[in-house]
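Residue-level listing of the chains:
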4 protein chains.
Amino acid sequence: MTQTEDSMKKINTFREERDWRQFHKEKDLALSITLEASELLELYQWKTSEEGNQQTERLKEELADVLIYSYMLADNLGFDIDEIIAEKLVKNAMKYPVEKSKGKR
Amino acid sequence: MTQTEDSMKKINTFREERDWRQFHKEKDLALSITLEASELLELYQWKTSEEGNQQTERLKEELADVLIYSYMLADNLGFDIDEIIAEKLVKNAMKYPVEKSKGKR
Amino acid sequence: MTQTEDSMKKINTFREERDWRQFHKEKDLALSITLEASELLELYQWKTSEEGNQQTERLKEELADVLIYSYMLADNLGFDIDEIIAEKLVKNAMKYPVEKSKGKR
Amino acid sequence: MTQTEDSMKKINTFREERDWRQFHKEKDLALSITLEASELLELYQWKTSEEGNQQTERLKEELADVLIYSYMLADNLGFDIDEIIAEKLVKNAMKYPVEKSKGKR
């Protein structure tokens, strides 16, 4: 079992032990990713990156929440995390060729 | 190298080849996670889960974007993806004990 | 008719002419406010406030979209825009008394 | 003074009494609109519209927060609330002509 599969298994065990899969409709999982992303972003509200970065524990927690809901949605939809990342990077590389994109926002 | 480390390496190679790390301040990465989460959620706007789920390719792309920016922020902050997921699940398990949470929203 | 009522009337006329009220479930309106807020925020992605502020036309459009969906949700729920603003400012003033809050983030 | 101008005046008085305008950079105001929109959307997480709609007081508060930050951003950028709403509705009407859009999502 790979490391990603191991994380996925822990996440699924967590929700299955609580019989929570019945609530995890995909629309609500996508909605929950947005809510957790906002809680993460809130750690930088009225702050510079440097100031926000100080909150290590809270950053770990909120970023983990984004990841956990993302993994759940991937699992519900039958997506392989590492595969969709690799595929998207290939698409991005075609959209932003190195020679044209280097050093440009 | 684990699978998560392999995905992280691909993501970092992508941004380093384009000399984009200089733009990747943590506040803007957190902001970008929120924006990509919204693009993912948009696939379910005015739709049921079942209707939204039909858009497989777009779902893969938008979910991958959420993950890619999440991995970049983790890397910037020195967090291990699988570790912060495991730690958060332990905290969630204490907050939501199986016996009290089973089958409840 | 007050100015806010006039804006609300224009918004309601727009959706009624298109027979769109049937789609405007409150959960989807709240979701749409989030999506439009993200499109507004996107104008500041990888930018300073000063850089983002240059995009006057797009800022007007995206901010208007946030407001339009907010007005629709208020109308669906029977809320008076100016009233809920006034009430929330009273609550905020109690939470953040001038003497304790002045000049502090 | 119109009703919208009256709400705007109350909002500006609130932030000026606390000397908070100095913190209200436009990027952070746009970010704050997103955060408040998420808190509003959270009232519908794992719920139907009908279930979410029961939380009248919290809905009023969170929707008011979205509006208050939207008004602040409009004021910072010199936009007239009712004017940008009216202009956007004209654009939307051209994009979605009644005859082609009626009854369609």
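Scroll up for the structure.
Everything numeric in this text was worked out from a predicted model, so none of it was measured.

**Q** Can you explain the overall build of chain A? Please cite residues and give values.
**A** Summing up its helical and strand segments, chain A has six helices and zero strands in all. What you see in chain A, going N to C, is helices and strands ordered as α-α-α-α-α-α. Computed over its C-alpha atoms, the radius of gyration of chain A comes to 17 Å, more than 25% above the 13 Å expected for a compact globule of 105 residues. For chain A, the C-alpha atoms occupy an extent of roughly 50 × 35 × 25 Å along the three principal directions. Out of the 105 residues in chain A, the part that is buried amounts to 54%.

**Q** With reference to specific residues and values, describe the relation of the copies chain C and chain D.
**A** Here chain C sits on chain D after a turn of 180° about the axis and a move of 0.0 Å along it, with an RMSD of 0.0 Å. Seen this way, the second copy is the image of the first under a two-fold rotation axis. Both copies contact each other with a shared surface, as 100% of the interface residues of chain C are interface residues in chain D too.

**Q** Describe the pattern of salt bridges, listing the residues and the values that go with them.
**A** Residues and elements named next belong to chain A. A complete count under the given rule lists 50 salt bridges over all chains for this structure. In this structure, Asp-6 and Lys-10 form a salt bridge, with 3.5 Å as the shortest nitrogen-oxygen distance. Separated by four residues within a single helix, Asp-6 and Lys-10 lie in helix α1 (residues 3–17), roughly one turn from each other. For Asp-6, a relative accessible area of 28% gives the class partly exposed.

**Q** Any chance you could break down the packing of helix α5 (residues 81–95) of chain A against helix α4 (residues 56–77) of chain B for me, citing the residues and the numbers?
**A** Closest axis-to-axis distance for the α5(A)/α4(B) pair is 8 Å, and the angle between their directions is 95°. Between α5(A) and α4(B), the interaxial angle falls into the category roughly perpendicular. For the pair α5(A) and α4(B), the contacting residues are Ile81(A), Ile84(A), Ile85(A), Glu87(A), Lys88(A), Leu89(A), Lys91(A) and Asn92(A) in the first and Glu57(B), Lys60(B), Glu61(B), Leu63(B), Ala64(B), Asp65(B), Leu67(B), Ile68(B) and Tyr71(B) in the second. Of the residues that constitute the contact of α5(A) with α4(B), the class distribution is nine nonpolar, one polar and seven charged.

**Q** A description of the packing of helix α4 (residues 56–77) of chain A against α4(B) should follow, citing residues and the corresponding values.
**A** The contact between α4(A) and α4(B) brings their axes to 11 Å, and the two run at 155°. When the axes of α4(A) and α4(B) are compared, the pair comes out roughly antiparallel. The hand of the α4(A)/α4(B) crossing is left-handed. Within the contact between the two elements, α4(A) uses Leu59(A), Leu63(A), Val66(A), Leu67(A), Ser70(A), Tyr71(A), Leu73(A), Ala74(A) and Leu77(A) and α4(B) uses Leu59(B), Leu63(B), Val66(B), Leu67(B), Ser70(B), Tyr71(B), Leu73(B), Ala74(B) and Leu77(B). Residues belonging to the contact of α4(A) with α4(B) are distributed by class as follows: 16 nonpolar, two polar and no charged.

Calculation notes
Residues take numbers from 1 onward in each chain, read along the sequence in its written order. As they are written, the chains are lettered A onward and the ligands numbered 1 onward, keeping that order. In keeping with the predicted nature of the model, local features appear solely for residues at pLDDT of at least 70, side-chain atom pairs appear and are counted solely at 80 or more, and the whole-chain, interface and lining totals rest on all residues. Side-chain measures here rest on the full set of heavy atoms in the structure, leaving out hydrogens and waters. Numbering of helices and strands runs from the N terminus; a helix is a DSSP stretch of H or I covering at least four residues, while a strand is a stretch of E covering at least two. The globule rule used for comparison is 2.2 Å times the number of residues to the exponent 0.38, while the radius of gyration itself is calculated over C-alpha atoms. To sort residues, take the accessible area from a 1.4 Å probe on protein chains only and compare it with the maximum for the residue type: under 20% means buried, over 50% means exposed, and anything in between is partly exposed. Alignment of the copies relies on least squares applied to C-alpha atoms, considering only residues that score at least 70 for pLDDT in both. In this analysis, two residues are considered to be in contact whenever any of their non-hydrogen atoms come within 4.5 Å of each other. Any Lys or Arg side-chain nitrogen found within 4 Å of a carboxyl oxygen on Asp or Glu counts as a salt bridge. With axes taken as lines fitted to C-alpha atoms, and helix axes fitted only over the stretch in contact, angles between N-to-C directions fall between 0 and 180 degrees. Any angle from 65 to 115 degrees is called roughly perpendicular, while one under 35 is roughly parallel, one over 145 is roughly antiparallel, and all others are oblique. Put simply, Ala, Val, Leu, Ile, Met, Phe, Trp, Tyr, Cys and Pro go in the nonpolar bin, Asp, Glu, Lys and Arg in the charged bin, and everything else, Gly too, in the polar bin. The sense of a crossing depends on the near helix, which, turned anticlockwise from the far helix by less than a right angle, makes the crossing left-handed and, turned clockwise, makes it right-handed.

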